[in-house]
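# Structural overview
Spelled out from the first residue to the last, the chains are:
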Amino acid sequence: MATLKLDNVHSSLNFQIKHMMVSKAKGEFTDFNVDFNGDLDNLDQANVTVTIPVTSIDTGNEDRDGHLRSGDFFEAEKYPNMVFESKSIKKVSDDEYEVTGDFTIKDVTREETFTVEYNGVSKSPMDGSTIAGFDVTGKVNREAYGMTWNAAIETGGVLLGKDVKFEGNFEFVVED
């Protein structure tokens, strides 16, 4: 049994959404925590909780970030965190897993499944610590969480797509 301590310096959590029907708007969450408890040799028995303070959203545009923190989207003052709590982990191949759990945004909880690639472990040349790495991908329908704000565009369609794609790259220090 191991406890993994997230190395935020070597981890990232990015997202993208279709913009104006023809491109993608991208951003990241600069603050997040991943609690992992389990055995790296039996990942299907692990427990994972991801907590993301929504005020850490960063799209490179402060006006847009402020709008995303507002009641039109995250309503950050009332609902400061998005939280994912795993319920099951299913091994799909040698290094790929499907992690299903409860994802809560704005006090709405829905079951979601994310794909996780386990990249293995390595020894740090700096201090000899054991490092584990994971890549996570998935998507959620933002409207299912009450984030329905949108605007029609002149050429047809809407400003924002429904699906938000997530990509996380997480590095952990293994603590026994």
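So, here's what we can say about the structure. (Residues numbered from 1 in each chain as written. Predicted model: local features only at pLDDT ≥ 70, side-chain atom pairs only at ≥ 80, totals over all residues. Heavy atoms only, no water.)

### A look at the layout of surface pockets
A probe matching the size of a water molecule, rolled over the atoms, marks out where space remains unfilled. In this structure, the largest pocket occupies an estimated 350 Å³ of space. Every residue lining the largest pocket is counted, 22 residues in all, and those nearest its centre are Phe 15, Ile 17, Leu 68, Phe 73 and Leu 160. Elements represented by at least two residues in the lining of the largest pocket include exactly strand 2 (12-19), strand 3 (23-29), helix 1 (62-69) and strand 11 (160-175). (1 Å grid on protein atoms, 1.4 Å probe; cavity = no way out; pocket = protein on both sides within 12 Å on 5 of 7 lines; lining within 4 Å. Points joined across faces, edges and corners; volume = space filled by probe spheres on them. Helix = DSSP H or I, 4+ residues; strand = E, 2+ residues; numbered from the N terminus.)

### Considering the nonpolar core
One finds Phe 29, Leu 40, Phe 74, Phe 103, Phe 134 and Phe 166 to be the most contacted residues of the largest nonpolar core, which totals 45 residues. Beyond its immediate sequence surroundings of up to four residues, Phe 103 is in contact with Met 82, Val 83, Phe 84, Val 108, Thr 109, Arg 110, Glu 112, Phe 114, Val 140, Tyr 145 and Phe 166. (Core = buried A, V, L, I, M, F, W, Y, C linked by side-chain atoms within 4.5 Å. Buried < 20%, exposed > 50% of the residue type's maximum accessible area, 1.4 Å probe, protein only. Contact = heavy atoms within 4.5 Å.)

### Regarding unusual backbone geometry
At Met 21, a position not held by glycine, the phi torsion is positive, near 70°. Positionally, Met 21 belongs in the loop between strand 2 and strand 3.

### Regarding the pattern of salt bridges
For the coordinates displayed, the defined rule picks out six salt bridges. Arg 69 is paired through a salt bridge with Glu 62; the nearest N and O atoms lie 3.1 Å apart. The exposure class assigned to Arg 69 is partly exposed, which follows from its relative accessible area of 23%. Notably, a salt bridge pairs Glu 111 with Lys 87, separated by 2.7 Å at the nearest N-O pair. Taken as a pair, Glu 111 in strand 9 (residues 108-123) and Lys 87 in strand 7 (residues 81-91) lie far apart in primary sequence, 24 residues in all. Residues joined in a network through salt bridges with shared partners are Lys 87, Asp 102 and Glu 111. (Salt bridge = Lys/Arg side-chain N within 4 Å of Asp/Glu carboxyl O.)

### Re the packing of aromatic side chains
Under the defined criterion, the tally for this structure stands at 13 aromatic pairs. Plain terms: the ring middles of Phe 29 and Phe 74 are 6.2 Å apart, the flat faces sit at 80° to each other, and that makes the pair edge-to-face. Of the two residues, Phe 29 is situated in strand 3 and Phe 74 in the loop between helix 1 and strand 7; the sequence distance between them amounts to 45 residues. Grouping residues by exposure puts Phe 29 and Phe 74 together as buried. With centroids separated by 4.9 Å and ring planes inclined at 25°, the aromatic side chains of Tyr 118 and Phe 134 adopt a geometry described as stacked. Highlighted residues: Tyr 118 in strand 9 and Phe 134 in strand 10 (residues 130-141), separated in sequence by 16 residues. (Phe/Tyr/Trp six-rings, centres within 6.5 Å; stacked < 30°, edge-to-face > 60°.)

### What about a nonpolar patch on the surface?
There is a patch of nonpolar side chains on the surface, built from Met 20, Met 21, Val 22 and Val 158 and spanning about 360 Å² of accessible area. With respect to the secondary-structure elements, Met 20 resides in the loop between strand 2 and strand 3. Met 20 sits in the partly exposed class, given a relative accessible area of 38%. (Patch = residues over 30% accessible without salt bridge, like charges linked within 9 Å, V, L, I, M, F, W, Y side chains within 5 Å. Areas by Shrake-Rupley, 256 points an atom, 1.4 Å probe, with all protein chains shown as cover.)

### Some thoughts on empty space enclosed by the protein
Per the stated rule, a full pass over the model turns up one cavity of 30 Å³ or more. Quantified by volume, the largest cavity comes out at close to 400 Å³. In terms of lining, the largest cavity is formed by 24 residues, of which the most central are Val 48, Val 50, Val 116, Val 136 and Phe 170. Elements that contribute at least two residues to the lining of the largest cavity include exactly strand 4 (33-39), strand 5 (42-53), strand 7, strand 8 (96-105), strand 9, strand 10 and strand 11.

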